[in-house]
Amino acid sequence: MMSMLGSFLSDEQFQCSICLDLFTNPSSTPCGHSFCMPCIGRYWDGSKVCRCPLCKKTFQKRPEMQINRTLREITEQFKSMQGGVVAGSPIAARAHAHGPAHESRRRFTLGGVVEVQSLPLCEVHGRAILVFCRTDGVCVCPECEAADHQGHDTVSVETEWSENKTRLRESEQLIQKMIRQRVRKIEELRMSVTELQLSVERETAGSLGMFSALVNALERAQAELMEVMDMSRRGAELQADAMIRQLELEVMELRRRGRVLSELSRSEDHIRCVESFPALSTAPATRDWSGVSVSSDLGTGTVYRSLSALLEGFQEQLKSIAEIGFPASALELSPVKAQPKIKRIQEYAVDVTLDSSTAHPRLVLSDDLKQVKCGDRHMPQPNNSGRFDRVVCVLGREPFSKGRHYWEVEVGGKTDWDLGVARQSINRKGKIEVTPSNGYWFLSLRDRHKYAFRTEPSTDVHLTLAPHKIGVFVDYEKGQVSFYNVLAKIHIYTFTDTFTENIYPFFSPCTNKSGKNEGPLVITPVSMVE
């Protein structure tokens, strides 16, 4: 079929409009026009905006051109047939019947009939080739027709050409259709590869995020289990120690009573015996220990139930992903900037101590100024200008005016607390609005479970794992205050503002709530986590 079509196609259809020669490694622009790969490359070199040389369509970004392999194969086949009868060269013509070889003749091309100076001549008879034998598919002179093609289906070349014009146009349209189909398929395949790459990126981001969240949750659960069991063990030990001490006291008293009774039984002083025995005859007041034991409950049931619910949710998520895959939003970046890992920020640990001159009169500070708790009543304290007289809080002694700083505070067991930083010029008297606009940046716990950052209004912070030790990190130049769950090694919250003066660590153990919140806030040494 290609051999037949080559007889009717002109080289113009395979011609680059830049170099005006047959295509060399043809490539197609996004607008559908084709050029030699080197030609279009040189045409666009040095241009800020790339345009199609034919339709002038503008591309803001230089297209990545690829060789149109289908068009190249068709062009190569067309080139291979140029030595024979091809369109654009005189493939058929005729002059006046039996006219001399030198008279004006006509050439038939895709553009119509044109006059030429000579017709092809038969090599045998020297006559003009005017006849087309449909039976043998060759062009011959009249004498060849009479000698070798008797009884064949023959017509004039002009007639055959006229009849072939319609079929040629159909063939040309078919070729163009085939080219368009293949160009579309090329774009479709390229788009498929692009979509596959996006799917890979989406799947990678989603799976990494999902498994990272699961691993972090398991690590947090493990850390909580270890801490809960350790706290249960310490509580049981304290309980056992207290009961043992009481039992030892009762044993001492009983032994003393036993010695007195033994001495009395050996005494010959009957009067003293009679007088003393009534008081010694009854057993001393002791506790009934028959039902007393150390609790064996480790308190881990809640942790296991929470972990079970987490794993069930993870299984449901896996089922959903198996059915519909990861959503496109898996590739979207979180609006919150990634926070530094806790191990890295611990490198900025500083020695923080409490400033007793700022402490509210109800606060009780340890001798080493590392612990603070709320007492039952006001203690006599000088009413200096730096002391809080209404809010139960205290500042650290060390001011920060630049750089990065990190410290850790143990909060386990408390129902309420506030931790963060405050600027030097804050109001310390009377009722205070503890908000960033007033110079306070801190995280709060209320009623054991409600975590919030004191913005306007407050920003709730949802934590699945209650922290027992809080890490506070300050980056003065960036205006950031970050909070971390130290044991679980996870970031809780970061607030960003602008610091223009000295800032101080801020601590509030809150009121003791009749003993329910009497535990202290403890500034602990920073131990690098692994």
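To be clear, the structure that these remarks concern was listed above.
Residues numbered from 1 in each chain as written. Predicted model: local features only at pLDDT ≥ 70, side-chain atom pairs only at ≥ 80, totals over all residues. Heavy atoms only, no water.

Enquirer: Explain the sheet that holds strand S21 (residues 503–508) to me, and be specific about the residues and the numbers.
Expert: Strand order across the open sheet formed by 6 strands is S12-S21-S14-S15-S16-S17, with antiparallel pairing between neighbours. Strand pairing shows two members of the sheet lacking a second neighbour, strand S12 (394–395) and strand S17 (459–461), which therefore form its edges. Sheet analysis places strand S14 (residues 417–423) next to S21, joined by 6 bridges and oriented antiparallel. From the neighbouring strand, Arg423 faces S21, where its bridge partner is Ile503. (Pairing = 2+ DSSP bridges. Helix = DSSP H or I, 4+ residues; strand = E, 2+ residues; numbered from the N terminus.)

Enquirer: Lay out the environment of Val486 with the relevant residues and their values.
Expert: Inspection of the secondary structure assignment puts Val486 in the loop between strand S19 (480–485) and strand S20 (490–496). Residue Val486 is classed as buried on the basis of its relative accessible area of 4%. Separated by 144 residues in the primary sequence, Val486 and Ile342 have C-alpha atoms spaced 7.4 Å apart. (Buried < 20%, exposed > 50% of the residue type's maximum accessible area, 1.4 Å probe, protein only.)

Enquirer: Tell me about the packing of aromatic side chains, and please be specific about residues and values.
Expert: Each aromatic ring pair is characterised by the separation of its centres together with the angle its planes make. Per the stated rule, a full pass over the model turns up 14 aromatic pairs. Considering the side-chain rings of Tyr348 and Phe473, the 5.9 Å spacing of their centres and the 45° angle between planes classify their relative orientation as tilted. Note that Tyr348 is positioned in the loop between helix H8 (342–345) and strand S10 (363–365) and Phe473 in strand S18 (residues 469–475), a separation of 125 residues in sequence. Of the residues examined, Phe473 reaches a relative accessible area of 5% and is grouped as buried. Between Phe442 and Phe506 the ring centres are 4.8 Å apart and the planes differ by 5°, which places this aromatic pair in the stacked class. Pair noted here: Phe442 is in strand S15 (residues 440–446) and Phe506 is in strand S21, with a separation of 64 residues, a long-range link. Aromatic rings pair up to connect Phe453, Phe483, Tyr493 and Phe495 into one cluster. (Phe/Tyr/Trp six-rings, centres within 6.5 Å; stacked < 30°, edge-to-face > 60°.)

Enquirer: Help me get a handle on the nonpolar core, residues and values and all.
Expert: Of all hydrophobic cores here, the largest spans 36 residues; its most connected members are Trp407, Trp417 and Phe507. When sequence neighbours within four positions are dropped, the list of residues in contact with Trp407 reads Val350, Val352, Phe400, Gly420, Val421, Ile470, Gly471, Val472, Val474, Pro505, Phe507 and Val526. Grouped together as the second largest cluster of nonpolar side chains are 18 residues, Leu22, Cys50, Leu71 and Phe78 included. (Core = buried A, V, L, I, M, F, W, Y, C linked by side-chain atoms within 4.5 Å. Contact = heavy atoms within 4.5 Å.)

Enquirer: Can you lay out the pattern of salt bridges for me, pointing to particular residues and giving the numbers?
Expert: For side chains of opposite charge, pairing can occur when their charged atoms come near one another. A complete count under the given rule lists 19 salt bridges for this structure. Here Arg404 makes a salt bridge to Asp475, at a shortest N to O gap of 3.0 Å. With Arg404 in strand S13 (residues 404–410) and Asp475 in strand S18, this pair connects stretches of sequence that are 71 residues apart. The exposure class of Arg404 is partly exposed, given its relative accessible area of 36%. Among the residues examined, Asp475 registers a relative accessible area of 4% and is labelled buried. Here Asp416 ties to Lys513 by a salt bridge, and the two come within 3.1 Å at their closest N and O atoms. Taken together, the residues Asp416 in the loop between S13 and S14 and Lys513 in the loop between S21 and strand S22 (521–524) connect sequence positions 97 residues apart. Within the structure, one salt-bridge network assembled from shared partners comprises Arg134, Asp153, Glu160, Glu163 and Arg167. (Salt bridge = Lys/Arg side-chain N within 4 Å of Asp/Glu carboxyl O.)

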